[in-house]
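# Chain and residue survey
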Amino acid sequence: MSAEAGWSDEPINDTDADSLQRENLAKETAQLIERVTASQASKVFALTGPWGSGKTSLALIIEGQLKGHRTGWKTAHFTPWAAADTESMTAEFIAALADILPDDRRTKALELLGQAITVGSSGLSVALPAMTGIPAGRVTQTGKKVRDWLTKPKPWHKAFDELSKELAGSRGRALILVDDIDRIDQEQLALLLKIIRLLGRFPNIHYLLMYDERTLFENLSGDRNDKSAALYANRYMEKIVQYQVPVPPMSRYQIEQRVQQGLDDIAARRGRQWGWNDSAYRDARDILVAALKTPRGIDRYVVQLDRLLALHSPEEIDDINLMLLTVLQTQDPVVYSRLPEMKGYLTFDNRKHVRLPLDKEESINWQAVVGAAEPWEGSLTKEIVNTLFPATLEKTPTESIASSNSICHDEYFDRYFVHVIHGEDVPDRLLDDALKQLQEKNERSSLVALFQEQLSEDQMGVALGRLIQRTVPKTLDQESQSPLGLVEAVARLHGFLPERRDAAMTPYGRVQDWLIQLLEHVDTTIPAADLVGVLGHVGEPFALAEILGHALRNSQNDRARNDPHQAERVALLKDAGVQCTDELVSAWFDLISQQKAATERDPRLVRMGLMLSVIGDSEGFLRRMSEKAEEVPSQEEVVACYIAVEEWYPRSSASSSVQGLDEGTLHELWPSLPVDSTSTEQSSLDPYDVSWENIVKFARSCIIQERMPPQE
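Residues numbered from 1 in each chain as written. Predicted model: local features only at pLDDT ≥ 70, side-chain atom pairs only at ≥ 80, totals over all residues. Heavy atoms only, no water.

A count of helical and extended segments in the chain gives 35 helices and seven strands. For the chain, the share of sequence-separated contacts (at least 6 apart) that also reach a separation of at least 24 residues comes to 75%. Split by element, the accessible area of the chain, about 34600 Å² in all, is 48% carbon and sulfur. (Helix = DSSP H or I, 4+ residues; strand = E, 2+ residues; numbered from the N terminus. Contact = heavy atoms within 4.5 Å. Areas by Shrake-Rupley, 256 points an atom, 1.4 Å probe, with all protein chains shown as cover.)

Spelled out as structure tokens, the structure:
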């Protein structure tokens, strides 16, 4: 079946379209019907199999065999499921029976049948309206006679005997095909079986019923969980059906071939490149083969998957995820509809955080979370849910999943259900195009153009998370080093974004973190001067100090010891920091001079002092301090930037206090300055006064004044 041609679920009626090779079964069944109906006694045959297994198609091929290759057969179709109630169902049955009655005996037979139904109405729950509801166009010629005969009741056995003699005189045989009897309710089903058992068993009139045994037994018993009731229903049907022909299930080979053909057609039409030699694709296909058991199930799935894939570009989703999710949608819609409500439990974020039980010994009942029916353990639904959502196994996603557009990622989850990119979501195509321009055309302003022209403010956070995933190396080998062009592009983006120091997760703060991570992997063959040149696009000297300082400090920590280029990278970043020292110290001094008119200490003073200590260019700093320029601060003003203040929020005089001098950090920048952090002069100062003026006083108390030489 081609998804492009559409899917109407219409049964086939000839062997040319028989992809399941059931022609021989149809021939054998037709021969069986021909053989056992040689006597005039009515026979009931049954084709049984699950919904969608091809019962109707097989019945039509059997019908064609009887009518095309054997003489004297007439057929009629009766679908009780199409009837609105018991009365209209009875009328439809009579109309179907009228179609196959011999022309020369139809009027007489219907007159006798009218009497039989009238006499047996109480026992069959078939009343007068059932006869008056017969479609006029099909039995018009007998209408008046039937109504007349309804006023002349006869005993049931006498009316049946007369009608049997009338039909026994006919030379032909008739077969009524009754489809979907397992889809009607219990009352209608009981009536239908009574009609077939009592009214329908006339000479030379035979029946071919089609149903799913399990569903039929549940409808008859009224309780799917009562095994004894189901056994009773089975025995009851044995009294109705003489010959049962089970529709053979599809073999694994047939399922694989039909599934593979459908997927190949989709791949060719939608431009997908699915590598079936890849283990992930093979595992997905195995799940499809295990889940899809009938021709209808497979064809319905293929059409649904094709429709959904048409809504997504290949780079915007994980096709395997959509394949498996579509299995749930078509096979277990209850669980499928529950998943969006459970997003917070099923997904992880960019930092691979998942919502797990607070108590590690506590176990989440995932069956209850997703609303799955019994049995859960060992079920195909559980396997699909576990495959799509590692959180259900209480596992952290792998790096490959974390960097993909998987459904278990909170930023991509919604796409698989709403099938549109909206709100904060960002088309991956835009990100990939910007990086492609940078890598292939060296367009170092491509990221600025992306954020300036194509993204809304709401989309920036999501875009940055994905760009970081795509560009920050996962390993520390030579091939994974950050190129200079990428560093410059991100530095330009940092300079473009408005400065926001109030929250680390703003786009400004996230780009700053991105730059730090890139510098931790920067190509060690880059000259320091070139690196300083591209970092000049950062724009704000305090941000530059934090970026360089954090990158240098991270490159020296324990995690970086596995870096084969650690020494070269640290040397490169230190050299770049030294070359930036004059600019950074000048900005620091300017801000210190502005503090003279301020009441509170600017937090940037502390961060800049810390980063300058990390960079460690003492000579450059002391050279600037020795200048007799107006903007050069005093010793105590510099030391005041290293006085620790404990602050609580909301800030109040009772919750903030001066803690003392960070002597070690100060000496990394100014090792020659004599200080004493335990000076007794501090006892006279108010520790809860955190104004700039009081912090400078604390700093002054820590500086050891040089002793004047004794006068002669």
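Further notes follow.
With that settled, consider the pairing of strand E4 (residues 205–211). Buried residues dominate E4, accounting for seven of its seven residues. Burial along E4 is two-sided: the face carrying Ile205, Tyr207, Leu209 and Tyr211 and the face carrying His206, Leu208 and Met210 are both buried. Direction of pairing for strand E1 (residues 44–48) relative to E4: parallel, over a ladder of five bridges. Note on E4: the bridge partner recorded for Leu47 is Met210. Relative to E4, strand E3 (residues 173–178) runs parallel, the two being bridged by five bridges. Each bridged residue has a counterpart across the sheet, and for Leu175 the counterpart in E4 is His206. (Buried < 20%, exposed > 50% of the residue type's maximum accessible area, 1.4 Å probe, protein only. Pairing = 2+ DSSP bridges.)

In this fold, Leu324 is placed in helix H16 (residues 319–331). Here the alpha-carbon distance between Leu324 and Val385, two residues 61 residues apart in the chain, equals 8.8 Å.

Looking now at the packing of aromatic side chains. Under the counting rule described, the total for this entry stands at nine aromatic pairs. Here Phe621 and Trp670 contribute two aromatic rings whose centre-to-centre distance is 5.4 Å and whose plane-to-plane angle is 70°, an arrangement assigned as edge-to-face. Residue Phe621 is located in helix H32 (residues 618–625), and its partner Trp670 is located in the loop between helix H34 (663–669) and helix H35 (692–702); the two are separated by 49 residues in the primary sequence. The class of Trp670 is buried, set by a relative accessible area of 7%. Put simply, the rings of Trp588, Phe589, Phe621, Tyr642 and Trp670 pair up and form one aromatic cluster. (Phe/Tyr/Trp six-rings, centres within 6.5 Å; stacked < 30°, edge-to-face > 60°.)

In this section: helix H27 (residues 507–519). Between the first and last C-alpha of H27 there are 18 Å, a value that for 13 residues agrees with the 18 Å anticipated at 1.5 Å per step. Counting buried residues in H27 gives ten out of 13 residues, a clear majority hidden from the surface. Within the span of H27, buried status applies to Tyr508, Gly509, Arg510, Val511, Gln512, Trp514, Leu515, Ile516, Leu518 and Leu519. The inward-facing, buried residues of H27 contact helix H24 (446–453), helix H25 (457–471), helix H26 (484–496), helix H28 (528–535), helix H29 (541–555) and helix H30 (566–594). (Expected span 1.5 Å × (residues − 1).)

Taken as a whole and assessed by the stated rule, the structure comprises 29 salt bridges. Here Arg270 makes a salt bridge to Asp306, at a shortest N to O gap of 3.1 Å. A residue pair is termed long-range when its members are at least 10 positions apart, and Arg270 in helix H13 (residues 252–270) and Asp306 in helix H15 (residues 295–309) qualify at 36 residues. A relative accessible area of 29% means that Arg270 is categorised as partly exposed. Classification of Asp306 as buried rests on a relative accessible area of 6%. A salt bridge links Arg415 to Asp428, with the shortest nitrogen-to-oxygen separation between them at 2.9 Å. Taken together, the positions of Arg415 in helix H22 (residues 415–418) and Asp428 in helix H23 (residues 428–441) put the pair 13 residues apart, joining distant regions of the chain. Neither Arg415 nor Asp428 differs from the other in exposure class; each is buried. Beyond isolated ion pairs, a larger network of salt bridges with shared partners links Glu316, Glu411, Arg415, Asp425, Asp428, Asp432, Arg466 and Arg470. (Salt bridge = Lys/Arg side-chain N within 4 Å of Asp/Glu carboxyl O.)

Two orientations exist for strands paired in a sheet by backbone hydrogen bonds: parallel and antiparallel. On the basis of which strands lie adjacent, the open sheet formed by five strands has the order E2-E3-E4-E1-E5 and parallel pairing. Here the strands that pair on one side only, and so sit at the sheet edges, are strand E2 (73–78) and strand E5 (243–246). Direction aside, neighbouring strands of the sheet carry axes that sit 20° apart on average. Most of the contacts of helix H2 (residues 55–69) go to E2, to which it runs at about 160°, and overall it touches E1, E2, E3 and E4. (Axes fitted to C-alpha atoms, helices over the stretch in contact; angles between N-to-C directions.)

Examined against the element boundaries, Leu325 turns out to sit in helix H16. Note: C-alpha distance between Leu325 and Phe417 (92 residues apart in sequence) is 9.3 Å. Not counting the four nearest positions on each side in its chain, Leu325 is found in contact with Tyr336, Leu339, Leu388, Ile407, Tyr416 and Phe417.

Below, the discussion takes up unusual backbone geometry. Excluding glycine, a negative phi dihedral is what most residues carry, and trans is how most peptide bonds are arranged. Cis peptide bonds are those with omega within 30 degrees of zero, and the linkage from Glu374 to Pro375 qualifies with -10°. Not every positive phi belongs to a glycine, and Asn442 is a case in point at roughly 55°. Tracing the chain through its elements places Asn442 in the loop between H23 and H24.

Right, let's get into the side chain of Lys43. Looking at the secondary structure, you find Lys43 in the loop between helix H1 (23–36) and E1. Within the structure, the side chain of Lys43 is placed 3.3 Å from the side chain of Ser39, a separation counted as a polar contact. Here Ala41 takes part through its backbone oxygen, which lies 3.0 Å from a polar atom of the side chain of Lys43. Sequence-distant contacts of Lys43, that is, excluding residues within four places in its chain, are made with Val36, Thr37, Ile205, His206, Tyr207, Gln242 and Tyr243. (Polar contact = N/O pair within 3.5 Å; in protein donor to acceptor, adjacent residues only side chain to side chain.)

Our focus in this paragraph is the nonpolar core. The biggest cluster of nonpolar side chains holds 92 residues, and the ones touching the most others in it are Trp514, Leu519, Leu531 and Trp588. The greatest single-element share of this core, amounting to twelve residues, is contributed by H30. With residues up to four places along the chain from it excluded, the contact list for Trp588 reads Phe542, Leu605, Met608, Gly609, Leu612, Phe621, Val638, Cys641, Tyr642 and Leu669. By size, the runner-up hydrophobic cluster in this structure holds 53 residues, among which are Ala267, Met323, Met342 and Phe389. (Core = buried A, V, L, I, M, F, W, Y, C linked by side-chain atoms within 4.5 Å.)

A few words on the confidence of the model for the chain. Per-chain confidence: the chain averages 81 in pLDDT, with 81% of residues scoring 70 or above. Low pLDDT, under 50, characterises residues 118–152; the predicted model gives this stretch 51 contacts beyond four residues in sequence or across chains. In the model, residues 707–712 has pLDDT below 50 throughout and makes zero contacts with residues more than four positions away in sequence or in other chains. (pLDDT = per-residue confidence, 0-100.)

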